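# Summary of the model geometry
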Amino acid sequence: MTVAVYLPIFACAVLAVGSGPLATRLAPRGGAWALTAAAVCTALSGLWALWLLVASLVDDLPWLGGVPRMSLPVNDALSAGAAVVLGWCLVRIAAELRRQVRLRSDVRGLLALPGGELVVLPDRHARAFAVPGRPGRIVVTDTMLRALSVAERRVLLAHERAHLRAGHPMALALASVAVSANPLLRPVQEAVNFLCERDADEQAGAEVGDRTLVAAALTTAALATASSSIGTSSGGSGGSGSSGSGSDDSGESVRGLATHALPDFHRHGVLDRVAAMRAPCRVGRRIGLVPVILVGAAAVAASIDATGDFTALLVRFLRG
Amino acid sequence: VARGEAQRARRAAGQLEAEILAVLWAADTPLSPAQVQAALDDLAYNTVHTILTRLTEKGELERVTHDGRPAYAPVRDAAQYAADQMRAALDAGPDRAEILATFVTNLTADEELSLRALLRRGRRR
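Residues numbered from 1 in each chain as written. Chains lettered and ligands numbered in written order. Predicted model: local features only at pLDDT ≥ 70, side-chain atom pairs only at ≥ 80, totals over all residues. Heavy atoms only, no water.

### Notes on the overall build of chain A
For chain A, the helix and strand inventory stands at eleven helices and three strands. Secondary structure elements of chain A occur, N-terminal to C-terminal, as α-α-α-β-β-β-α-α-α-α-α-α-α-α. Looking at chain A as a whole, 49% of its 320 residues qualify as buried. Contacts spanning at least 24 positions in sequence make up 73% of the contacts within chain A whose residues lie at least 6 apart. Carbon and sulfur atoms provide 67% of the accessible area of chain A, an area that totals close to 14,300 Å². (Helix = DSSP H or I, 4+ residues; strand = E, 2+ residues; numbered from the N terminus. Buried < 20%, exposed > 50% of the residue type's maximum accessible area, 1.4 Å probe, protein only. Contact = heavy atoms within 4.5 Å. Areas by Shrake-Rupley, 256 points an atom, 1.4 Å probe, with all protein chains shown as cover.)

And the structure:
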């Protein structure tokens, strides 16, 4: 228990550091799911480890007064700290789950619209996304459709269809919950997002039979998204969201500064996807999945080990 | 060309519906079946006509007269309402759309410059 209880946190850190380089090297489909599973496993193990630390306060319970203390390798200050962190994590998870439920109810109206897989919305923003459901829908704004050529639209539809078919929204939701349980996992979530997009890009490339066409569609769509969000906010229709992209001139320069300060923020963004689709098709290595799975498994094994140790100590303590 | 045709043949009716719907939404005016066929350039006229009729029966398109000819236009009412709701939902917070699989994310200023440069290089070639 001395070591094993801290291993899940260490595993989270290893995963967080490793996920950046792995994102561009793993096979997209397997990589996305392996990283998601590892993130969920390490996050759950971390929560359980915190709980074990908190539970080691059991020998301080007043109605057990007088019995000899447990000989735990954990001091009470650490346990109290763990209790605070655990409480904070649980609040964050609850908030994240509430956020996802609310988003689901927001998009329920889209799923209920009449028609087939494609839902077109009249909107000045160029947007496109997949809404999971039974069946899921592909939601695209008319501004986005106008920006793309017929062939590029086929790419967009194939891409979103691939998201729905592969169940990517589930991976994104799970990764998001894992981050709420452990903020260290943020880079892992970004890698999962990137690999899901890469997987859908490759699927779309296979469906239209032209990978460079996918690169062209991504370029056109990305530039349309940028110009449509800038255009809207300069029109001054207060509260046009899209999180700070596009604003007046001073806003623009602030954004430029932020970009230079955080060069890696968008490292796994559209540019990397365009580059990947322009390069010859390279099947990511499956061998790369092994360390990811090992880290997840190690975190689970460590928390099982720590639980065993704790149970043994607890039994000895309760027998007196 | 042969491979392209084989791929077209495999495409399900639902996919063709989506492509035709996209053409009509992207157009500024109602389109005649012949214009839709010309835009997609690899579908038979009968196929286009069948799908236009089916989309009209589903209430996604309406038949109108444009320049004295029968033409089709997307039905906007339900979509407009949904669009307003969606915009409100997405603009409520920057993180709301994070778990939706969006086609492209917002670009940084640097990324936009790089993409434009890439596009110019591609054109010159």
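### Overview of the confidence of the model for chain B
In the predicted model, chain B carries a mean pLDDT of 81, and 81% of its residues have values of at least 70. Two summary scores accompany this predicted model of the complex, namely pTM at 0.83 and ipTM at 0.82. (pLDDT = per-residue confidence, 0-100.)

### Here we look at the interface of chain B and chain A
Tallying the contact residues gives 55 residues for chain B and 69 residues for chain A. Regarding the contact of chain B and chain A, the summed buried area is about 5,700 Å², with carbon and sulfur atoms giving 62% of it. Connecting chain B to chain A are two salt bridges. The tally of links from chain B across to chain A stands at five residue pairs in polar contact (both at pLDDT 80 or more). Secondary structure elements with two or more residues in the side of chain B that touches chain A: α1 (2-10), α2 (13-26), α3 (33-40), α5 (77-91), β3 (101-102) and α6 (109-124) of chain B. The leading source of residues in the side of chain B that touches chain A is α5 of chain B, at ten residues. Here the side of chain B that touches chain A is composed, by residue class, of 27 nonpolar, nine polar and 19 charged. (Buried area = accessible area lost by both parts, 1.4 Å probe. Salt bridge = Lys/Arg side-chain N within 4 Å of Asp/Glu carboxyl O. Polar contact = N/O pair within 3.5 Å; in protein donor to acceptor, adjacent residues only side chain to side chain. Nonpolar A, V, L, I, M, F, W, Y, C, P; charged D, E, K, R; others polar.)

### Some remarks on the pattern of salt bridges
Per the stated rule, a full pass over the model turns up 15 salt bridges over all chains. The shortest N-O distance in the salt bridge between Arg-127 of chain A and Asp-123 of chain A comes to 3.9 Å. For Asp-123 of chain A, a relative accessible area of 7% corresponds to the buried category. The residue Arg-54 of chain B makes a salt bridge to Glu-17 of chain B at a minimum N-O spacing of 3.0 Å. A residue pair is termed long-range when its members are at least 10 positions apart, and Arg-54 of chain B in helix α4 (residues 45-57) and Glu-17 of chain B in helix α2 qualify at 37 residues. A relative accessible area of 30% means that Arg-54 of chain B is categorised as partly exposed. For Glu-17 of chain B, a relative accessible area of 7% gives the class buried. The structure contains a network of salt bridges with shared partners spanning Glu-117, Arg-161 and Glu-207 of chain A.

### Details of the packing of α2 of chain B against α3 of chain B
Residue and element names in this part refer to chain B. For the pair α2 and α3, the least separation of the axes is 10 Å and the interaxial angle reads 110°. As far as their axial angle goes, α3 and α2 are roughly perpendicular. Of the residues in α3, those touching α2 at Glu-19, Ile-20, Val-23 and Leu-24 are Val-36, Ala-39 and Leu-40. Of the residues that constitute the contact of α2 with α3, the class distribution is six nonpolar, no polar and one charged. (Axes fitted to C-alpha atoms, helices over the stretch in contact; angles between N-to-C directions. Parallel < 35°, antiparallel > 145°, perpendicular 65-115°, else oblique.)

### Let's talk about the environment of Arg-25 of chain A
Residue and element names in this part refer to chain A. With respect to the helices and strands, Arg-25 occurs in the loop between α1 (7-23) and α2 (28-55). On the basis of relative accessibility, which here comes to 44%, the residue Arg-25 falls in the partly exposed class. On a C-alpha basis, the gap between Arg-25 and Ser-180 in space is 26 Å, while along the polypeptide they are 155 residues apart. At 2.8 Å, the side chain of Arg-25 and the backbone oxygen of Pro-21 are in polar contact.

### Notes on the environment of Glu-160 of chain A
For Glu-160 of chain A, the position within the fold is in helix α5 (residues 150-166). A sequence separation of 24 residues divides Glu-160 of chain A from Gly-136 of chain A, and the C-alpha atoms of the two residues are 9.9 Å apart.

### Quick notes on the confidence of the model for chain A
Residue-level pLDDT values for chain A average 82, and 82% of them are 70 or greater. Note on residues 231-266 of chain A: pLDDT is under 50 here. Beyond four places in sequence and across chains, it has 37 contacts.

### Quick look at the packing of helix α3 (residues 76-112) of chain A against helix α6 (residues 168-181) of chain A
Packed helices, taken two at a time, are described by the angle their axes make and the gap between the axes. Residues and elements named next belong to chain A. Where α3 meets α6, the closest approach of the two axes is 8 Å, and the angle between their N-to-C directions is 155°. It follows from the interaxial angle that α3 and α6 lie roughly antiparallel. Our pair here, α3 against α6, has a crossing hand that is right-handed. Along its contact with α3, which presents Cys-89, Arg-92, Ile-93, Glu-96, Leu-97, Arg-99 and Gln-100, the element α6 presents Ala-173, Ser-176, Val-177, Val-179, Ser-180 and Ala-181. When its residues are assigned to classes, the contact of α3 with α6 shows seven nonpolar, three polar and three charged. (Left-handed = near helix turned anticlockwise from the far one by under 90°.)

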